[in-house]
Amino acid sequence: MSQSPENLSAALADIKASDRYKLGWKALTELIGQGRSFSGNESNCFFLNTRDGRFTDASAATGLSLYDDGRAVAVCDWDFDGSQDLWVSNRNAPRVRLLRNSSRGGDWLALRLSGTSSNKDAVGARVVLDLGDNRLRSKTVRAGDGFLAQSSKWLHFGLGNKATISSATVYWPGGKVEKISGLKMHQYHTLEQGKGQAVLWKPPAENLAIKTSQITFNESNDTTRTWLIGRIPLPRLEGIPDTGNSPKLINLWSESCAPCVAEISEWTKHEKKIREAGLDIVALNVGLLDENQRKTTPITFPFNSGKASPEILDVLDIFHRTFVELQQPLPIPTSFLLDKEGRVAAIYKGHVPLFTLLDDVALLSKPEIEARDAAVPFPGRWASDLFPPQAIRLAESFARAGNPSLRKRYLKDYLLRFESEETRLYLGRLLLDENNLEQAVRVFAGISATTENEADYHRSAGILLLKYNQIRPARNHLKAALSVYKDNPDFRFNLGIAEAGSGNLVESLNHFRACVRMKPTDAVAHFQLGNALQATGKGHDAVTHYRKSLQVRPGWMFPANNLAWLLSTHPDSELRNGEEAVKLITPIIKADGGKNHTTLSTLAAALAETGDFKGAIETTTRALHYAQSVGANDAGLRAALSNYRNGKAFRGK
Amino acid sequence: MVFLILISHLLSSCDKKSAKTNSAEKELRFPNQNELLTKAYLPDKGPRDAAIEVILRRTDAAADEGWDSEVVSDAAHQRLEELLDPEASLPEILVQPLRPSDLQESYTDELLSVWRSGKGTSSTKLPLSQALTSLRAIYPSGTEDKLKLKTYNITPSKSPEGMFNTKIIYFASGKTAHGTAQQNARWHCSWRSGNPPELLGIKLIDYEEILPKQGGGLNFDDVTASVFKEAPSFQDQLMLGIDHWRSRLQGDFGIDVNGLQGISLGDANGDGLDDIYVCQQGGLPNKLYVRNLNGTLKDVSAESGVDWMELTRAVLFVDLDNDGDQDLALAQGWYWMLMENNGAGIFTKRTETKAPSNLHSLAAADYDLDGDLDLYFCGRNPARELNNSEGILGQPIPYHDANNGGANLLIRNDGNWHFSDATVECGLDVNNTRYSYACSWADFDLDGDSDLYVANDFGRNNLYLNRNGKFIDVAGSQGVEDMSAGMSITWGDYNNDGRPDPYISNMFSSAGNRITYQRKFRSGIEQEIEAFRRHARGNSLFANIGSGFTDVSENAAVTMARWAWGAKFVDLNNDGWEDIYVANGFITTEDTGDL
């Protein structure tokens with residue numbers, strides 16, 4: 001065996017650290033997902049303070065070395081015997097334990113505070129006892145300490161042996177200091193803020209019914225039923241017969257599996273009952289995958305039967321893994337209950353009792369909100385709505401499992417049967433990512449429920465394409481709808497955007513003009529019209545529309561900035577007004593935090609226009625700094641800076 | 001410069017249909033809204049960095065021809081376990097005495113005594129069998145009842161002949177006349193490679209034993225079943241762990257493989273006795289049990305109105321309206337909820353608010369000294385929509401010093417059940433996204449207001465100094481950043497000097513310790529390696545010395561608390577000195593091959 005850590009390091013160095021990291025996360029999360037143990041079987045630790053600055057692990061010697069996956073620890077004197085007991089929560093069963101301290105050790109007293117000017121719970125108040133041994137015993141009332149835990153608000157002081165209290169003091173939140181009198185050994189007390197006097201408190205006199213007791217672990221049972229919320233269908237699969245519009249149970253079984261055969265026989269025997277409930281069954285034989293078992297005699301099963309293809313098994317497995325957290329292979333038998341729309345409502349692993357099955361079939365016709373209560377094992381109060389159907393998530397699982405074409409096919413089929421804007425957007429984006437523009441548009445267009453007429457289709461497609469920054473195709477679609485929508489200001493606006501983005505500035509001007517004519521108080525349209533005017537060299541008109549935009553929406557940064565820029569840099573001195581530009585842009589910079597290189601550069605131009613080149617240089621330097629920090633192109637800023645250094649204002653074209 | 005086309009902005013203002021849809025989406029309330037569209041597979045709680053390295057070694061490197069410290073370490077560990085079986089036939093080697101003869105009583109009280117030796121005695125060696133016999137002699141039966149070994153370090157020896165050394169922690173316990181005695185030791189073992197490896201010698205690094213006194217010592221009894229005797233939900237619901245539900249309930253309800261569900265003690269029904277609230281994962285009702293006069297519990301979850309089915313991690317009993325009863329504050333994953341107590345233990349929901357992050361612990365204090373309690377929530381994981389990385393964990397980057405987690409929240413109580421998010425205005429938005437697991441308030445500088453410590457997974461912790469209701473993170477300057485995998489924070493005055501000291505639980509990973517001390521562990525700079533080592537060290541105790549904090553963890557011997565979660569200062573033997581209890585263990589399943 002060669003021993004060379006160097007070789008190993010060299011091998012590992014080939015993998016980039018970040019990749020190794022991701023690989024590690026992936027490997028680990030997968031293993032945990034499959035139910036593996038990881039840093040498990042660890043015993044809780046008790047560290048005894050040995051008063052010399054050190055502690056000793058005394059977990060085993062005290063009975064505190066529990067092997068649970070411990071989480072939260074909360075302390076209190078549960079049995080009022082003068083010593084602290086421990087409540088612990090666990091990941092595994094039992095989810096909580098009470099560990100009773102059966103020893104007392106030294107002397108003690110306990111105190112519960114209540115605030116008057118301070119908060120009623122006295123949280124934050126600190127009690128300090130001086131026992132005359134040059135040490136202070138201090139404890140603070142807390143709400144939340146440790147991890148996910150809250151301990152009792154009683155302050156419990158251990159005092160060692162034969163202690164006498166030379167003074168007791170409360171430091172209330174805010175700093176008020178109060179001496180406490182009346183504390184007695186081995187007693188519980190209450191103290192109200194400002195009273196100075198502790199009042200004895202008596203625990204209940206009743207005999208305790210607490211005793212050392214064995215917990216009983218529940219027997220594990222592999223049979224499970226998972227009821228799903230947000231039902232979605234399985235993909236179309238060859239080998240699963242279409243049984244029409246009735247609930248259906250897809251069952252995976254094999255002749256060599258005794259519980260499977262028993263289940264099949266049970267269903268055969270109770271055929272009438274099952275049919276009356278409206279359920280059809282499709283039994284798929286997994287054993288037939290195995291060549292050696294082909295010769296098996298066909299069973300006489302009154303419902304549908306067939307063989308489970310590898311594809312069917314794969315899809316059912318992915319479906320299961322997508323919605324059930326523990327990532328384990330499906331056992332045989334496994335059954336999937338589908339509602340009459342073909343959506344999966346329940347997954348049963350192991351034998352499903354007939355009465356459960358029939359109850360669940362009845363549940364299918366109830367509203368999902370009622371079915372939710374049947375999805376959970378115990379009743380309780382819900383604060384949340386139902387989850388929506390999660391077709392996208394399943395589709396993603398298919399892609400992750402190496403079948404991206406199934407992802408697409410599934411989503412398309414889904415959209416043919418169910419309305420889901422989210423799914424449409426998702427599929428449309430997928431198609432766009434594949435450069436399949438034509439199909440993407442068709443999918444997107446389906447978003448508005450009515451796409452009977454061509455104009456609607458083109459309008460929807462255009463708007464969606466705009467959203468995804470596909471400007472030129474968007475323009476083409478929108479133009480195709482113009483004749484129908486020419487009197488719709490929002491439509492004209494969108495087309496203006498599309499034309500501007502496609503480089504057709506003159507066209508865009510017309511649409512923005514049409515929009516502001518129909519909707520004179522549209523600040524955004526005025527702003528865009530201003531932009532288009534400026535870009536086509538109509539600075540004077542641009543100023544007008546920037547001002548209109550600001551009239552409707554005072555203080556809006558975009559038109560304010562662009563207007564200030566024009567007033568500072570326009571070649572026409574009649575139009576320029578440095579003073580006004582400074583006034584316009586200064587509050588904008590105040591509001592945006594002064595870190596925006598665009599608004600800073602406008603201020604610099606305005607300052608230069610007023611002749612304040614020092615200010616312009618300083619402001620441009622700041623702008624450069626922020627431009628660089630966000631990786632923006634700073635060529636313009638540099639050009640402006642050299643202008644200002646030469647005592648020249650900046651001029652636009 | 002000018003702003004040009006603003007497509008997205010314009011569409012949202014002009015296209016009414018889509019604007020309307022967006023706002024409708026915002027109003028929907030799903031338990032795991034952000035998780036719906038993304039990966040179904042990843043658990044909520046992450047492995048630690050060092051553990052990742054272990055997996056890498058075992059999945060990739062173990063197949064390599066090269067020297068794999070983890071494989072060798074496993075073999076040596078297993079061999080030592082075999083040799084420590086009382087029935088084992090032992091090699092005829094000479095070792096140092098394993099129970100030193102110079103033991104000193106270093107602690108004693110009414111209940112027990114602790115005996116220590118700092119050094120292995122002399123160079124007088126004795127046969128291994130004899131050393132083990134005398135080690136086990138403290139047990140009348142001649143052998144311990146329980147033995148647990150941890151291999152925390154492995155180094156190739158300088159001599160070339162396939163030699164190597166391991167360091168192990170030895171924990172043994174067994175019955176004595178007065179109760180259970182315990183032995184803790186650290187050994188330095190030397191080995192020759194082979195199959196199995198050959199043990200050449202053992203040197204003692206340190207040794208201590210804990211002996212109970214007459215009367216049984218300090219002792220705890222599990223009384224759980226008796227207090228829940230009349231509450232069937234204990235057996236039906238709380239006697240089933242997360243792994244049971246992982247294969248049964250739809251994951252979307254909020255199944256948290258890590259089982260991060262807390263407990264709170266407080267007086268729900270105003271009878272002066274503490275009751276207990278037990279948080280539960282999504283799909284199972286939270287439980288409230290009130291204490292009967294005889295110490296047993298009554299399940300009042302449903303009638304008191306607190307049996308929420310949504311994932312809940314932590315809860316506080318706090319009097320939010322100063323009317324003398326205990327209201328409830330709940331951290332429910334993506335939401336926080338407040339409920340008002342009517343004084344008789346019936347609760348009414350007053351607010352339910354979406355959080356920007358996935359909430360874990362919370363703690364209350366009157367930080368602004370206006371006489372009512374404010375709340376701080378730790379939001380470990382970022383909201384899904386803000387996190388395009390893989391999985392619900394996100395990817396902490398860099399993983400030994402991550403600051404890309406979820407935001408924590410300071411919720412100020414404005415009176416009359418009005419609450420507002422004061423995180424930013426109080427300066428708590430600084431270093432606020434470090435995968436925070438736990439928080440605890442303490443007036444560490446004794447100036448009369450509450451300061452805040454936040455324990456963060458994957459990196460530096462925060463100590464926020466309260467200055468008139470504004471906060472400054474002073475963890476660095478005060479020396480309490482504790483750069484490792486922080487899971488919990490508890491305050492207590494361990495040395496009785498009047499100043500509260502923080503104890504932070506982290507992950508102690510023996511695998512992490514072994515690997516990070518490998519000579520060529522990662523081709524990184526020394527500083528980074530140091531960060532890794534620190535990360536795997538375990539828990540930390542800082543002594544508050546008034547002018548700052550001193551890391552006393554190793555001298556105080558409180559680092560090795562395994563894969564630690566909740567830690568709590570508590571004086572269990574009433575001697576007036578704070579002890580510490582630590583709950584630990586990551587994931588124990590039926591699978592026996594622990595990763």
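Look a little higher up for the structure.
Let me sum up the structure you'll find in this document. (Residues numbered from 1 in each chain as written. Chains lettered and ligands numbered in written order. Predicted model: local features only at pLDDT ≥ 70, side-chain atom pairs only at ≥ 80, totals over all residues.)

**Considerations on the overall build of chain A**
Here is step 1: Summing up its helical and strand segments, chain A has 22 helices and 20 strands in all.
Here is step 2: With the C-alpha coordinates aligned to their principal axes, the bounding extent of chain A is approximately 95 × 90 × 65 Å.
Here is step 3: Counting all 653 residues of chain A, 49% fall into the buried class.
Here is step 4: Here the contacts in chain A between residues at least 6 apart in sequence split such that 52% fall between residues at least 24 apart. (Helix = DSSP H or I, 4+ residues; strand = E, 2+ residues; numbered from the N terminus. Buried ≥ 20, exposed ≤ 12 C-beta atoms within 10 Å, placed from the backbone. Contact = placed C-beta atoms within 7 Å.)

**Here we look at the nonpolar core**
Here is step 1: One finds Ala604 of chain A together with Ile263, Ala329, Leu362, Ala364 and Phe377 of chain B to be the most contacted residues of the largest nonpolar core, which totals 323 residues.
Here is step 2: With 10 residues, the single largest contributor to this core is strand S15 (residues 327–341) of chain B. (Core = buried A, V, L, I, M, F, W, Y, C linked by C-beta atoms within 7 Å.)

**Examining the interface of chain B and chain A**
Here is step 1: Taken together, the contacts link 188 residues of chain B with 178 residues of chain A.
Here is step 2: Here the side of chain B that touches chain A takes 7 residues from strand S16 (residues 347–365) of chain B, the largest share from any one element.
Here is step 3: Tallied by class, the residues present in the side of chain B that touches chain A amount to 94 nonpolar, 57 polar and 37 charged.
Here is step 4: Examined bridge by bridge, strand S9 (residues 149–150) of chain A and strand S10 (residues 263–266) of chain B share 2 bridges and lie parallel to one another. From the neighbouring strand, Gln150 of chain A faces S10 of chain B, where its bridge partner is Ser264 of chain B. (Nonpolar A, V, L, I, M, F, W, Y, C, P; charged D, E, K, R; others polar. Pairing = 2+ DSSP bridges.)

**Overview of the packing of helix H12 (residues 454–467) of chain A against helix H14 (residues 489–501) of chain A**
Residues and elements named next belong to chain A.
Here is step 1: Orientation of H12 relative to H14, taken along the N-to-C sense of each, is 50 degrees, at an axis distance of 11 Å. It follows that H12 is oblique to H14 by the angle criterion. Where H12 crosses over H14, the two elements pack in a sense that is left-handed. Facing H12, whose interface residues are Arg459, Gly462, Ile463 and Leu466, H14 presents Phe491, Asn494, Ile497 and Ala498.
Here is step 2: Residue classes in the contact of H12 with H14 are distributed as 5 nonpolar, 2 polar and 1 charged. (Axes fitted to C-alpha atoms, helices over the stretch in contact; angles between N-to-C directions. Parallel < 35°, antiparallel > 145°, perpendicular 65-115°, else oblique. Left-handed = near helix turned anticlockwise from the far one by under 90°.)

**Considering the pairing of strand S6 (residues 107–114) of chain A**
Residue and element names in this part refer to chain A.
Here is step 1: Burial analysis of S6 places 7 of its 8 residues in the buried class, which makes it a mostly covered element.
Here is step 2: The sheet contact formed by S6 and strand S10 (residues 155–160) spans 5 bridges and is antiparallel. Across the sheet, the residue bridging to Leu111 is Leu155, located in S10.
Here is step 3: Strand direction decides the pairing type here: S6 and strand S13 (residues 188–192), joined by 5 bridges, are parallel. Paired with Ala110 across the bridge in S13 is Tyr188.

**Section: unusual backbone geometry**
Here is step 1: A cis amide bond links Ala93 of chain A to the next residue, Pro94 of chain A, at an omega of -5 degrees.
Here is step 2: With omega at 0 degrees, the peptide bond leading from Ile332 of chain A into Pro333 of chain A counts as cis.
Here is step 3: A positive phi angle is found at Leu369 of chain B, which is not glycine, with a value near 55 degrees.
Here is step 4: If you check the backbone angles, Asn468 of chain B has positive phi at about 55 degrees while not being a glycine.
Here is step 5: Relative to the helices and strands, Asn468 of chain B resides in the loop between strand S22 (462–467) and strand S23 (470–473).
Here is step 6: Given 7 C-beta atoms within 10 Å, Asn468 of chain B falls into the exposed group.

**Quick notes on helix H22 (residues 635–645) of chain A**
Residues and elements named next belong to chain A.
Here is step 1: Of all the positions in H22, only Leu637, Ala640, Leu641, Asn643 and Tyr644 are classed as buried. On an axial view of H22, the arc spanned by its buried residues comes to 160 degrees, and they lie on one face. Exposed side chains of H22 directed beyond 90 degrees from the buried face belong to Ala635, Ala639, Ser642 and Arg645.
Here is step 2: On the buried face of H22, the contacting elements are helix H20 (597–610) and helix H21 (613–629).
Here is step 3: Positive backbone phi, approximately 70 degrees, marks Gly647, located one or two places after H22. (Arc of directions from axis to C-beta.)

**Focus on the sheet that holds strand S1 (residues 45–49) of chain A**
Here is step 1: Taken together, the 4 strands give an open sheet; going across it, the order is S2(A)-S1(A)-S29(B)-S28(B), and neighbouring strands pair in antiparallel fashion. Either end of the sheet is taken by a strand with one partner, and the two such strands are strand S2 (55–57) of chain A together with strand S28 (564–570) of chain B. Strand-to-strand, the axes of this sheet are offset by a mean angle of 20 degrees, without reference to chain direction.
Here is step 2: In the sheet, S28 of chain B pairs with strand S29 (residues 579–584) of chain B via 5 bridges, with the strands oriented antiparallel. Among the inter-strand pairings, Lys568 of chain B is bridged to a residue of S29 of chain B, identified as Tyr581 of chain B.

**Describing the sheet that holds strand S2 (residues 104–108) of chain B**
Adjacent strands of a sheet pair through backbone hydrogen bonds, lying either parallel or antiparallel.
All names here are of chain B.
Here is step 1: Strand order in the open sheet made by the 6 strands is S2-S3-S8-S7-S6-S5, with antiparallel pairing throughout. The open sheet has two edge strands with one neighbour each: S2 and strand S5 (146–156). Strand after strand, the sheet turns through a mean of 20 degrees between neighbouring axes, direction not considered.

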